Structure formats: structure tokens, C-alpha cells
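Here are the chains, one letter per residue:
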Amino acid sequence: MSSKEDKPVEQSQSSWKDFIYNPRNGEFIGRTARSWALILLFYLIFYGFLAGLFSLTMWVMLQTLDDYTPKYRDRISNPGLVIRPKAPEIIFNRSAPSEYKEYTDHLEAFLSKYNSEHQKNNIDCTPGAYFIQDNQPLPKQVCKFERSLLGQCSGITDQTFGYSEGRPCIIVKMNRIIGLKPKPTPFINCTAKKDDKLSVNYFPENATFDSMYFPYYGKLAHDGYVQPLVAVKLLLNSSDFNKKLSVECKIEGSNLLNNDDRDKFLGRVAFQVTVTE
Amino acid sequence: MISGFSLLLWAGAVLCWIAYGVQVSQAPDVPRDNLYLGVVLAGVVILTGCFAYFQEAKSTNIMASFRNMVPQQALVWRDGEKKQILASELVVGDLVEIKGGDRIPADVRVISAQGCKVDNSSLTGESEPQSRSPELTHENPLETKNIGFYSTTCLEGTATGLVISTGDQTIIGRIACLASGVGDEKTPIAVEIEHFVHIVGGFACSVGVIFFVISLGMGYKIMDAIVFLIGIIVANVPEGLIATVTVSLSLTAKRMAKKNCLVKNLEAVETLGSTSIICSDKTGTLTQNRMTVAHLWFDNEIVSADTSEDQKNQSFDQSSVTWKHLSRIVALCNRAEFLAKQEDVPIMKRAVMGDASETALLKFSEVVYGNVMAYREKNKKVCEIPFNSTNKFQLSIHETDDPHDKRFLLVMKGAPERILDRCSTVMLNGKEVPLDDSFKETFQTAYMELGGMGERVLGFCHLLLPEDEFPDSYPFDVESMNFPTSNLCFAGLLSMIDPPRSTVPDAVSKCRSAGIKVIMVTGDHPITAQAIAKSVGIISEGSETVDEIARRLNIPISQVNKKDARAAVVNGMQLKDMTDSDLDEILRNHGEIVFARTSPQQKLVIVEGCQRMGAIVAVTGDGVNDSPALKKANIGIAMGIAGSDAAKNAADMILMDDNFASIVTGVEEGRLIFDNLKKAISYTLTKNIAELCPFLIYIIVSCPLPIGTITILFIDLGTDIIPSVSLAYEKGETDIMNRKPRHPKRDRLVNWQLALYSYSQIGMIQSVGAFFCYFTVLAQQGFLPARLINIRVSWEDKNDQDLEDSYGQEWTYEQRRYQESECYTAFFVSIVISQLADLIIRKTRMNSIFQQGMLRNKVLLFGLASQLIIAAFLSYCPGMYDALRFCPLRIPVLVCVFTLCHTNLDL
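The structure presented is a predicted model; accordingly, all values stated were derived computationally and were not measured. (Residues numbered from 1 in each chain as written. Chains lettered and ligands numbered in written order. Predicted model: local features only at pLDDT ≥ 70, side-chain atom pairs only at ≥ 80, totals over all residues. Heavy atoms only, no water.)

## A short note on the sheet that holds strand S8 (residues 199-203) of chain A
Residues and elements named next belong to chain A.
- Taking strand neighbours across the sheet as the criterion, the four strands line up as S4-S6-S9-S8 in an open arrangement whose pairing is antiparallel. Among the strands making up the open sheet, the edge pair consists of strand S4 (81-84) and S8. Taken pair by pair, the neighbouring strands of this sheet meet at an average axis angle of 30°, ignoring direction.
- Note: S8 against strand S9 (residues 229-235), five bridges, orientation antiparallel. Following the sheet pairing, Asn201 is matched in S9 by Lys233. (Pairing = 2+ DSSP bridges. Helix = DSSP H or I, 4+ residues; strand = E, 2+ residues; numbered from the N terminus. Axes fitted to C-alpha atoms, helices over the stretch in contact; angles between N-to-C directions.)

## Some words on the packing of aromatic side chains
Residue and element names in this part refer to chain B.
- For the structure on display, the rule yields 36 aromatic pairs over all chains.
- For the ring pair Phe443 and Phe490, a centre distance of 5.6 Å and an interplane angle of 85° mean the geometry is edge-to-face. Taken together, the residues span a long stretch of sequence, with Phe443 in helix H13 (residues 437-452) and Phe490 in strand S20 (residues 488-497) at a distance of 47 residues.
- The exposure class of Phe443 is buried, given its relative accessible area of 1%. (Phe/Tyr/Trp six-rings, centres within 6.5 Å; stacked < 30°, edge-to-face > 60°. Buried < 20%, exposed > 50% of the residue type's maximum accessible area, 1.4 Å probe, protein only.)

## Comments concerning the pattern of salt bridges
- Counted under the stated rule, the structure contains 44 salt bridges over all chains.
- The shortest N-O distance in the salt bridge between A:Glu277 and A:Arg94 comes to 2.9 Å. You can see A:Glu277 sitting in the segment after strand S11 (268-276) and its partner A:Arg94 sitting in the loop between strand S5 (89-93) and helix H3 (97-111), a full 183 residues away along the chain.
- Across the pair B:Glu733 and B:Lys679 runs a salt bridge, and its minimum N-O distance is 3.0 Å. Of this pair, B:Glu733 sits in the loop between helix H24 (721-726) and helix H25 (752-781) while B:Lys679 sits in helix H22 (residues 660-701), placing them 54 residues apart in sequence. (Salt bridge = Lys/Arg side-chain N within 4 Å of Asp/Glu carboxyl O.)

## Observations concerning the confidence of the model for chain B
- For chain B, mean pLDDT is 82; residues scoring 70 or higher make up 92% of the total.
- ipTM for the predicted complex: 0.89, alongside a pTM of 0.76. (pLDDT = per-residue confidence, 0-100.)

## Examining the pairing of strand S10 (residues 292-298) of chain B
Residues and elements named next belong to chain B.
- Of all seven residues making up S10, seven are buried, and the element is well covered by its neighbours.
- With five bridges connecting them, S10 and S20 associate as antiparallel partners. By the bridge assignment for S20, Leu296 is matched with Leu494.
- With four bridges connecting them, S10 and strand S11 (residues 301-304) associate as antiparallel partners. In the strand pairing of S11, Trp297 is matched with Ile302.
- The turn joining S10 and S11, which pair antiparallel and follow one another in sequence, is formed by two residues; a positive phi near 50° is taken by Asp299.

Here's what the structure looks like:
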């Protein structure tokens, strides 16, 4: 009885051992050393070949691409609009520098690219006209966008960008898109979302992205390109403090989309500002 | 719905909901992707579950039609009057009356009977009607004549009986209980699918868990890791597979039903294909189930007659005068008659009143003579003595149709030796010559030869009564036999057999080349059984039994090396005394086995013996008492015409035409479905790698997700379903009936070879192709491959509206999202297109694609087209982006995808 029952256990044990290493035919996990070598060799060659094929096709594909402009640019035919400081909601106490330091540091870092020392090679262009350099040699020239154009929001005179007085500066930036030529000159218009009255100051005063900064020729061709900015200084009064203010800035006066259903950031940007005293 | 893949999918769905719940608690305005995905996954499980259920229900419905029997009535004496009540209301002690044609309503003890005969064939397998009378003739209730059994039929006469047991207590009831007691074993295909689920499920789980841990280790949040886990599970589980399997099985079941095999249990379809032993009945399955004249002996010569199913005339030499006389006796000395109004029915199919051998003779003479009934009309019968067991002959006296000959003709047929005893002359070549000893010897040889072929032999003789002794008005009297019954003239012998169906020998040889052993199990006499076995090829030409070897070599049986004998004929009596190991030895040592004189109970023993050898056994049966064997067998096959309801209930399959050849077509279909399922599974598995890799790359490289989980579901449940079902329509490959039955342990549906081939070879090629598309789509829009590394966090950050690409352009979140769905679509399309090529690869296993023919499987072509159409619809139909995140691809991308995948796969 017992021997009968023991048998299968023994068998299964030995079959496990046999599976790992079978001394009778020298099989290791079901295959002989030779067979393992062959199969590994096969996979080595096979995967080597696949990797080679993949690299080759990728290389060929990359050869078909241009170094300066992407092959297709239809996904981003319209630019998005973003603000600096980069935050969906700006909350600070105007009398607590530690609370807005984050924002002002961010603005300072962002604007440092526009310092004069970085723009020594940039040229002064003719305002109101596209700066077309299609046939110019590389690298393309860059139009100067002086930080001082941002006036009170340049951070030169007021290093707290108005945050300390509770009238914060927001910088509106339009996404870079190669070859984009807005027509006619677009300008930024910021409004409060609810019926709140909101008065703002724009810098430059006409709130435009001047045509001379367009078109953009791409990172490689247009090294050191500075994109035009519009700074918005929210002129908040004491009645506006301590409550959440919804602001929406739109790009207007041009052919650029600002009311796309799906993309809420195409030609417009919404953000909230809460300033406490 | 709660096993295998379904469990994994449930897990995925629950994880989705948990993930969504956590997301909502963190930020209320998260997209509901996870919620929807969970719902979709649960929906998939429920849908496939319902689908499988309805398919099963459909085939169960066919069965239900069998059960719609009129409730049985019984005529019973109650309160001093006869009443008609339902058989189910009978109680022990009731007095019931039975008449010819009734089914006996319970087990009864006969207390009075008038010429009562019952058909016990469904219970004991005896095909002859049994007479019932009040006397106890045997101790064994099954043998004694005074018990009538529940569900057997009373053929003729009347009887009164006392109910001794009802319902489950009856003999039949007990057998039915026994049948239900024999455990239902899992069908091989169920085992295979389970095995497959283990492999794939194990792979999915281990990869999922490994990457869950890796992603946690790489610093991903638990939430992200759960989302990855869901992705990996969804990518790995072949969601559409169960539906494919069910559809394929029911398609095959339908196809088999057309070929007269009705499959009750869908999974049994495949079981038949893996069958390695068929235990077949003889009567009705291998044979035509009707006596037919097979040989004649006259003028010292044996002539064989045509025994096929649709004979119209006999081709042997009919010019001899002896034959004219013999045929006249055959036609006249016969009481059987055709039933009315069957003139346009083929002779062999006409219904006849009379016993089996008389029917055979009637049909035989109808074939050679034309209208026998008219012929008998012209040769009027004046007197007759029917056959009885004491005389062992049948005699009749006729007027002749010769107007110039007023003599009466006396014709007689019966047991050959008895007939010969009554003869003094013999007709040879038309002349009457005295019967001498040398003739007796030739007669004996002929008789032995015919008998040795397992045939039932009858002798025929006649005499023209002299006109002077027996004038027109002679009063023939049967009681006093006032006419000569000896010194007759012997005319010849006729032998009859229940001939094999004409399709059977071919079917048996097909079985043989397919490596299937056919064992005959019959209640018949060994000699008959052996003769039939030889004529259908179950015992092949040149094979000998131990007895035959002994006779040939003239040595005692004990000296014969049993291994020399390929064939064996085992008698039921021998079987009774055998131990299991004796039986095993016989089954192992002999390739060709016939079990004769077996009781249906012994069938069970034989089946168990075969199963002990590891064989997958198919058993045919018709009687009630076959049901335990049918149940025990891996696949029980009941006869549709001759089968009893109990047998049909116990069986997995019903043979509508009772023909053995249909089993063989069934085997072919079963093998085909296994092959085709294998093809479908390897087809389905291939893309799993291409669906899984994106997640792994996504986790490791942290690039934008190449393909979304919903998109994966669209491949698994959308584009891939029709093609994988279409593989079920693939014709068999050339070797399908020339290879051994699959070994249940070794030849698995999914083995490492298949998994490795699908996963690590074709799957990798697909992935490489798909990734190429992914990189191409992104690179052409400005994100070169190098830029993609580690971009995931900012790519998926909704607050990052100015992500810079390789060319210095800035993208909003929504623009990236649209780009991502283009990646999904490109990845999707490239998988779909490489699956097109994969489908063509999977079309064949052994044959080359040219042998198999590209255009023969129209459904497969439709499948190819459907894939393209669905893919095109998903990517080009407006609004798909909002609904499912598919977006249109550029034609050049498509062309690039197409060529790349195909060059890859055609390697």
C-alpha cells in the first residue's frame, strides 16, 4: 500500500531533477549543451539581425528628415499661449516676500535670457514687417527684444515685478512655431472672466507681438532666437484683494485661433490670481 | 466567467476602478479614462461569458428536441376497472396490461401471456425478439422469461404483468444511475485551454509583477505603477480568444451536423480528433443492419452476390437452369411481403413484413425477378407449413404458372443438413441426378466454407408432385402432411449476412493511416464478427489470430508466440475470466482486436482497459446498457436511428446515420479544429508581444506611450476577431489523416515551441516594425528619438503648455495628446498590418502556402479585408479622435508601415 503511494512522489522528484539536469543524456533543462548553444546562437543572430534591420530603417528614416525643419508641421499650426510664472494659480501675500519669491525668482530666471549681454549679436529690425531670411545664409539673424521693453514688468526697476505692491506682473508668451507668420500683428487682451472689472497695463504698451520677430527658423538655424513677450500688470485695488480672480488672456487681431473647443491653451490662457494683504 | 483570463480581466477592471477612485480623491477633475477602461474590461468579460453561454445553449437546444417525448401511458387495473394512467404514476403491485407495440411501463412480472414477444435489444443487446411467459426459466432476472423490463418494447402478443419495480429501481433505472455515477472527465480541449491559460496567464502575471516592482524601484508613484500593471495585463490577455475558440468549435459542430454527427457538447468536437482508439459496435454501425444474400451455391459452385446498399441487379451468371429452379424456390417459399405503396422506393429501402432472413430473400428475388408479389400471384399457394424450430424447415405447395403443366410444385427451404436429408436427387446443370456420397462431401465443404464466412446458410429443394396422385382438387392437409416431404430434389444453398456498409472499409483504412486503432465490440458470434472484421479491414489481410497460427502450423495454441498474432478475437466468456492485466496485455500485444459475444457491461471493462493504456477512447453504442460505457469513454457516440434515449443522453455525440464512416469524418473535423485552433492561438498570441513591449519601453525609457490600452482592446476584440475565426474555416492540411493521433500529454495545444515562435520571433518582428512606425510618426512631427528619452513626465504634465521639441517648437498639452493618439494609431495600424502577414503565415503549418492555396479560404480573405476596413474606419472616420483617440494617418506613413511590416514578416 505505502510503496504504491510513495512511488509517484519519487517519480515526480526524480523527474524534476531530470528536468534540471538529466545525467543519462546530458540534458540541462530539457536540452543538451549543444542544443542550448545552437538555440542561443540562433537567437543571437536573429535578434542581431532584427536590431540591425531596425537601426538601418531608423537611419534611413532619419535621413529623409531635414535638420532645420520638421517634415510635417500641421499638428501645431496655431501657437499655444502660456504665462510666466508658470503656474495655473498664483497665490501670495503681498506683504510676505517669502510667498512670492518663488514667482519673482521664476520671472527673473525666465527674463535673464533677454538681458543685453545675451543679445549683443542680435540686430535691430524694422518693426511692423516680417523679418524674412529664407535665402539668407545660416545662421539666421535674430531680432533684438530688449528686456527694457517690458517697462515696469522688466524687473529692472522693480525687482519684485509688482508683487510687493499687490499688482503682480504676468508675462504672456506665445509658443514658438517654425515658419509661423501671424497676420496682421496680433495683440494680447486680458480680461477678468466673471464680470469683475479688471484694469491692466500692457508692456509693450500696444500689447503686440511685433511681426519682425516672425518667422522663426528653428533651433538649429535660428540660434539665440528670442521670442517676443507681452507683460501684463494687473492693476488690483484693495477691493480685489483676498479673493480669487480669474483672468483670461487671448491673442486677438490676427488669424491665430483663440477659441478652439478642445485646446484651451490655443491662443488663450486662463489663470487665477489671489492676492492677500 | 470566473476562470482563467476572466479572472485576470476582472483584476484589471478592479484595478482600473481603484486607480480612478484614488485619482478622483486627489483631484476631482481627472479624465475618466480609467473608469471607462474598467467598464470596458468588465464588459468584455461579461460579453464573452454570455457569448459562450449562448453558443452552448444553442447546441443544448438541439438536444432538448430529443427529449420531447410523449409521456408514456400505461393500461392498469385499479378499483376493478381498466384505466389509462401515466406510467410515472404506477406503483409496485399494480396490474398492467401490455399489448404489441407498447413500451413496457415498469419492470413487471408476467402472470399471463399470449404469444408475447419483447425486444430487449436496448437492454441486453440481443437482437432477436424474446418470448415472455409466466414460467420462471432462469435464476438471473435478466435471463428469465417471466420478467418484462421497463422501456423495452412489446413486439407482438399480449401479456398481463404485476409491477415489481418502478423508476430508478428498475433495471434500466439502475443502469442510468450507474451512468450518471461514472464521472464526467474533462475534455482534452478543456485541459488544453486550461494549460494555455496557465502559460499565458503566468506570463502576464509575472511580467506585470516584475514591472510593477521595477517601476516602483524606478521611483514611479504607486498610482502610475498600477496603471502600468493594468496595461500589461490588458496587453497580455488574449481577450478575444475564448470567443474565437467557442465560435470555431460551434462552426465545426455545425459542419459535423451536416455530415451526420450531432455534437452535444461543443468541446467533444476536438476530443474526437485526438481519439486513438475507437470501440465500435458491429450491427448497424459497421454493417447495414439488414440481412442480405451474400453467396449462392448451386451446380457445385459458390457464387457471390452483390451486397451493396443500392443494388439494382445481380451480376452473377444466371443462365444455368438450376438457377431458374433455385430462384423459383426462393421466390415462392417465402412468407415475407412488402408493405403497400412502396413502388417508387428503392428495393433495398422498402419496408417488409417478415423476419430478417425472409426479408433478405424477398428483396433478393425482387432484384433478380422483378415483381415477386405478381409472380407469387401467378403461382398460387395452396398450402404451407411455416418454419418452426422442431422441423427446421419451411414448406409450401403452389400451382405453377405454366398452363400446360397441371402439376403442383412443392418448395422447401431450411437448415441445409435437414434439407439434404430429405432429398434423394440433386439438380446439376439443370438435370436431376441421384444424390450420392461424393455430392454429400462437396455439399459439406461448401456448407463449411459459407458457414466459415460467418454467414447464415439455408438449403433449398423442390419437387413437382405427379399429376395423377395429386390432381387439381387434391385436399392438401398441413396437419396430416398428406404429401411427400422426402425424396425431394436438392437445388442449392443461399447464405446471408448482414453486410458491411460500403463506406466502412475505406473509413477503417483511413483510421489506420491516421493511427487510430479500431476495435470491434459486438454481441455477435465470433465467426460472424471475425468475418465482418476481415471484410471491413479491422482485421487486415494476412493478419492471423493465435488460433489460426496454431491451425496453420499444426501446433497447440499454448506454443504459439502471442506476439506473432496481430489479430485477436476475444470471446465474452474469456473476457469474463480475465484480470485487468490480462486485458491490458491483449490490448497492447494485438493491433487488431475483435471482442465477440460481449455483454454491454463488458464494454465498460474494455473502455477502461483502453484508457489505462493512456488512449483517448471513442465508443459507439445504442442500448440503454451501453450508457455507462458511453459516459466513461472520452467521447461517447450514440446511434441516432437505433439508439435509445438513455444512450443518447449519455453520449457526447450522436451519429444521425449510424454510419461508422461518419465517425471518421468526425475525426478529421476534430483534428482540423485542433490544428486550426492552434493556428488561431498562435496568431492571437503573436501580437501580445507587440502590445506588451510599448509598456515596457514606456516604463524603462519614459517616452510617450506608444499605444493605449483601449487601442489594444480594439486590436484584440476588433480587428483580430474575424481573422482568427476565419482560421477555423481553413481546410485540412495534406497530412491531417496520415499522422498519429496527438498524444494528450506531449502534443499540447500551446507548447513552448509555439509560444516561443509567436512571442520571441514573430512577436519581436512585429514590435520592431511597430516601434519603427512610432518613432517615424514622432520624428516627422519634430520629436526625434533622442528627444523622447525621459520626456514622459513633462509630456504628460497638463500644466506644461510649452514643451519644446527637437526643432525648438513649443507644443501645448492638447497638441501633444493629439500627437500621442497619432502614435497610438500608427502603432495600431502597424500591428494590424503585420497581423495581415501573420495570418498568411499561420494559414499553414506543414504545407506550403502554394499547396494550401491562397484563395481557397474565402472567409480568411474576408478576414484580411475586414482588418483593413476596420483599421481604416477607426483611423479615418471623423470623430474617432474624440471617441476613441484614433486619428488619421498620412498615406506615406501607411505605405511605410505596410512595406516595412511585410518585408519583416516575409523573411
